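Residues per chain are reported as follows:
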Amino acid sequence: MDRKIFFFDIDGTLAHKNVIPDDTKVALKKLKKAGHYVFICTGRPYIYAKHYFGQYVDGFICANGRYIVHDDDILLNKPLTKDEIHYFIESFRKFNCGYNFNGVNVGYAYGIEHDKLADMQMDYEKPYFIEDFNEEDIKAHMFDVHFETKEQFKNISEYLKEQVIFNEHYGHNSADATIIGCDKGKAIVELLEILKINKENSYAFGDGKNDIQMLSTVGCGIAMGNASDEVKNYAKKVTDTVENDGIAVEIEKFML
């Protein structure tokens, strides 16, 4: 049997508010029992993905393609440079945007209202996001931008369009960033080479704009039913929504 590999975005794909549907958990276990690789592929930081979903998978692509871990071995670690961090912070200031930078184990937040940050906060041994920091302290792989109006988001998106693809979090007035040239798709290509898996044996599930490169790269990209039409256009298949066990539905078809 050719060993296959499956990639799963988290929010709106694998889980809703950190919770994986029970049927999806069963489906993931079936894939692993059959000898296939199961990977998270997310914009989230490693500490978050490992904490909530580590028991279900073999490895992680985190920070929208800038950090790869397999069986606790770090295969790719590409943090933002000091110059990149400075440039992006200056861009946020120009448009009066809040922001958070996400590192492996620590995040840095600025200009985000207290209640919103409290809702974002991930409390492990200590809170993930810190607010008391200097620019030089930041060690991170990606960032989110926070805005008050659609016009504000439109302006910063236009300003950074040569450097960044934003994935808007609708209803939250924020968006996560994929740095152009380093995305989920490119990370998958690198991982397939390391694990010696042919592209035709790779599958991916996603729902967001930051999943487009992933869905376009694998042998079979599968969009969730809750994905936008734009995202669905890049997939070979469309399954049901996360609430209706879209992943379990498609994996059952695969296993049969």
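Our structure's up above, just so we're on the same page.
Model, not experiment: these values are computed from the prediction.

Together, Glu 113, Asp 115, Asp 119 and Glu 148 line one region of the surface with negative charge. Along the polypeptide, Glu 148 turns up in the loop between strand E9 (142–146) and helix H5 (150–159). Judged by its relative accessible area of 69%, Glu 148 is exposed.

Glancing now at the sheet that holds strand E7 (residues 107–110). Taken together, the 6 strands give an open sheet; going across it, the order is E8-E7-E6-E9-E11-E10, and neighbouring strands pair in mixed fashion. Two strands in the sheet have a free side with no partner beyond their single neighbour: strand E8 (129–130) and strand E10 (164–169). Note that strand E6 (residues 98–102) and E7 share 4 bridges and pair antiparallel. Looking across to E7, one finds that Asn 100 is bridged to Ala 109. Against the sheet, helix H3 (residues 82–94) touches E6, E9, E10 and strand E11 (174–179), its axis set at about 160 degrees to E6. Against the sheet, H5 touches E9, E10 and E11, its axis set at about 160 degrees to E10.

Now for the sheet that holds strand E13 (residues 220–223). Sheet architecture is open: 8 strands sit in the order E5-E4-E3-E2-E1-E12-E13-E14, paired in mixed fashion. If you trace the sheet from one side to the other, it starts and ends with strand E5 (73–77) and strand E14 (237–238), each paired once. The pairing of strand E1 (residues 5–8) with strand E12 (residues 202–206) spans 4 bridges and is parallel. Of the residues in E12, the one forming a bridge with Phe 7 is Ala 204. Contacts from helix H2 (residues 46–53) reach strand E2 (37–41), strand E3 (59–62) and strand E4 (67–70), with the element oriented near 145 degrees to E3.

About the thresholds
- Residues numbered from 1 in each chain as written.
- Predicted model: local features only at pLDDT ≥ 70, side-chain atom pairs only at ≥ 80, totals over all residues.
- Heavy atoms only, no water.
- Patch = residues over 30% accessible without salt bridge, like charges linked within 9 Å, V, L, I, M, F, W, Y side chains within 5 Å.
- Areas by Shrake-Rupley, 256 points an atom, 1.4 Å probe, with all protein chains shown as cover.
- Salt bridge = Lys/Arg side-chain N within 4 Å of Asp/Glu carboxyl O.
- Lys, Arg positive; Asp, Glu negative; His and termini not counted.
- Charge placed at Lys NZ, Arg CZ, Asp CG, Glu CD.
- Helix = DSSP H or I, 4+ residues; strand = E, 2+ residues; numbered from the N terminus.
- Buried < 20%, exposed > 50% of the residue type's maximum accessible area, 1.4 Å probe, protein only.
- Pairing = 2+ DSSP bridges.
- Contact = heavy atoms within 4.5 Å.
- Axes fitted to C-alpha atoms, helices over the stretch in contact; angles between N-to-C directions.

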